[in-house]
Amino acid sequence: MNKIGVLTSGGDAPGMNAAIRSVVRVALHHGLNVVGIRRGYAGLIDGDFYQMNRSSVSDIIQRGGTILLSARCEEFKTPEGRQKALHNMQQEGIEALVVIGGDGSLTGAQKIDKELGIPVIGIPGTIDNDLAGTEITIGCDTAMNTVIDAINKIRDTATSHERTFVIETMGRRCGFLTVMTALAGGADAILIPEMNYDLDDICNKLIKRQEMGRLHNIVLVAEGVGEDFKTNRNLDESPAFFISRLISDKTGQETRVIILGHLQRGGSPTVRDRVLASRMGAKAVELLLAGESNIMIGIEGRELVYHKISEVLSTKKEIDMGLYELGTILS
Ligand SMILES: Nc1ncnc2c1ncn2[C@@H]1O[C@H](COP(=O)(O)OP(=O)(O)O)[C@@H](O)[C@H]1O
Ligand SMILES: O=P(O)(O)OC[C@H]1O[C@](O)(COP(=O)(O)O)[C@@H](O)[C@@H]1O
Ligand SMILES: [Mg+2]
């Protein structure tokens, strides 16, 4: 093997740059050429490539986002789009790929191996932590710290004004970010898609607290909740608004909504994300050199592990309900 490509795809995540840096420098260390592919699968289809060297990845370990840019690319979901990508890779002499991204990107990566015959290793990069086969994905730790920072600040004003804040966190259909930050941030109620909840119960709990003299509350809501009350709300609005209105109507408390949104995706990666990304980047190159393909690297405890991408994608990542319960008991 002489030349490999690297790309970032789907939602960006802090630590992706540290992973790119590691892939590039470890590949160069092993005498490989590295091609950077811009804008994920869109760049494969457009042939948006450039040769990378050591200095291409200088001064990026501390930066959020991705220097390779990222995209969501519908055309790559079609066989025609993927054939264009194959043609460009052949022209450029790219013999193998490292794909850094989430579940969607790994679905695409699987097709690169199976359909296009190009070896590919996946590195889990998404703030959602919604991938099986790894305890945590690159970017999630930074995002959790960003959420905690926001909760701390909101708590200051919530206590001063004796208000209830409904804070909406990201995570698509996964409540990991919400459960962890609810526990660490001392949230008074938690709503995640994986768990049944009763809005009446939540309101009753807030009323009880009110009777005991507690007039401020932090309610954490994952963006993915709401299948069950869809009929009662405007589908264009975030679930936090509906829940906030309901709490205000039922408890009489003054409520405010804050949707943390894309600020959860940015920022300088934490130590944990930088180390994880650096280790996974190096492992990806080593596994390609060892002849592996169609696998995703993960971490279990202190050890890096790897699993077939098909297994990762067919397994649902379970939320640790013990942490959810603990968050509820402690609130
Ligand atoms: N079924 C699929 N076949 C081929 N490519 C896919 C498929 N699903 C997703 N992808 C590619 O992966 C990209 C990123 O997926 P997306 O779900 O948006 O983000 P993430 O990888 O962060 O979960 C998509 O825009 C598309 O190019
Ligand atoms: O960036 P967009 O396209 O607005 O998408 C928002 C979605 O991306 C995420 O931030 C990250 O998800 P992915 O890593 O799967 O792309 C989700 O939490 C959120 O639902
Ligand atoms: Mg995803």
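Residues numbered from 1 in each chain as written. Chains lettered and ligands numbered in written order. Predicted model: local features only at pLDDT ≥ 70, side-chain atom pairs only at ≥ 80, totals over all residues. Heavy atoms only, no water.

Looking now at the site of ligand 2. If you check the shell around ligand 2, you find Gly10, Gly11, Arg72, Asp103, Thr126, Asp128, Met170, Gly171, Arg172, Glu223, His262 and Arg265 and nothing else. Here Thr126 contributes a side-chain N or O atom positioned 2.6 Å from an oxygen atom of ligand 2. Contact with the protein chains removes 80% of the 480 Å² of surface that ligand 2 exposes when unbound. The site holding ligand 2 turns out to be the largest pocket. Looking at the shell around ligand 2 residue by residue, the classes come out as 1 nonpolar, 5 polar and 6 charged. (Near = heavy atom within 4 Å. Polar contact = N/O pair within 3.5 Å; in protein donor to acceptor, adjacent residues only side chain to side chain. Areas by Shrake-Rupley, 256 points an atom, 1.4 Å probe, with all protein chains shown as cover. 1 Å grid on protein atoms, 1.4 Å probe; cavity = no way out; pocket = protein on both sides within 12 Å on 5 of 7 lines; lining within 4 Å. Sits in = over half its atoms within 2 Å of the grid points. Nonpolar A, V, L, I, M, F, W, Y, C, P; charged D, E, K, R; others polar.)

Mapped onto the present numbering, the UniProt feature "binding site: ATP" (unreviewed entry) falls on Gly11, Arg72, Cys73, Gly102, Asp103, Gly104 and Ser105. A maximum C-alpha distance of 13.7 Å places the annotated residues, which cover 95 residues in sequence, within one compact spot. As for the lining of the largest pocket, the annotated residues named previously contribute Gly11, Arg72, Cys73, Gly102, Asp103, Gly104 and Ser105. According to the relative accessible area criterion, Gly11 is buried, its value standing at 17%. Apart from residues no more than four positions distant in its own chain, Gly11 is found in contact with Met16, Arg72, Gly125 and Arg265. Looking at the secondary structure, you find Ser105 in helix 4 (residues 103-114). Given a relative accessible area of 4%, Ser105 falls into the buried group. (UniProt positions renumbered as here; feature names shortened; annotations may be inferred. Buried < 20%, exposed > 50% of the residue type's maximum accessible area, 1.4 Å probe, protein only. Contact = heavy atoms within 4.5 Å. Helix = DSSP H or I, 4+ residues; strand = E, 2+ residues; numbered from the N terminus.)

Turning next to the packing of helix 7 (residues 199-211) against helix 8 (residues 239-251). Where helix 7 meets helix 8, the axes come as close as 10 Å, and the angle between the chain directions of the two elements is 50°. Relative to helix 8, the element helix 7 is oriented oblique. Judged by the sense of rotation from one axis to the other, the crossing of helix 7 with helix 8 is right-handed. Contact residues: helix 7 offers Leu199, Asp200, Cys203, Leu206, Ile207 and Gln210, while helix 8 offers Phe242, Ile243, Leu246, Ile247, Lys250 and Thr251. Taken together, the residues of the contact of helix 7 with helix 8 sort by class into 8 nonpolar, 2 polar and 2 charged. (Axes fitted to C-alpha atoms, helices over the stretch in contact; angles between N-to-C directions. Parallel < 35°, antiparallel > 145°, perpendicular 65-115°, else oblique. Left-handed = near helix turned anticlockwise from the far one by under 90°.)

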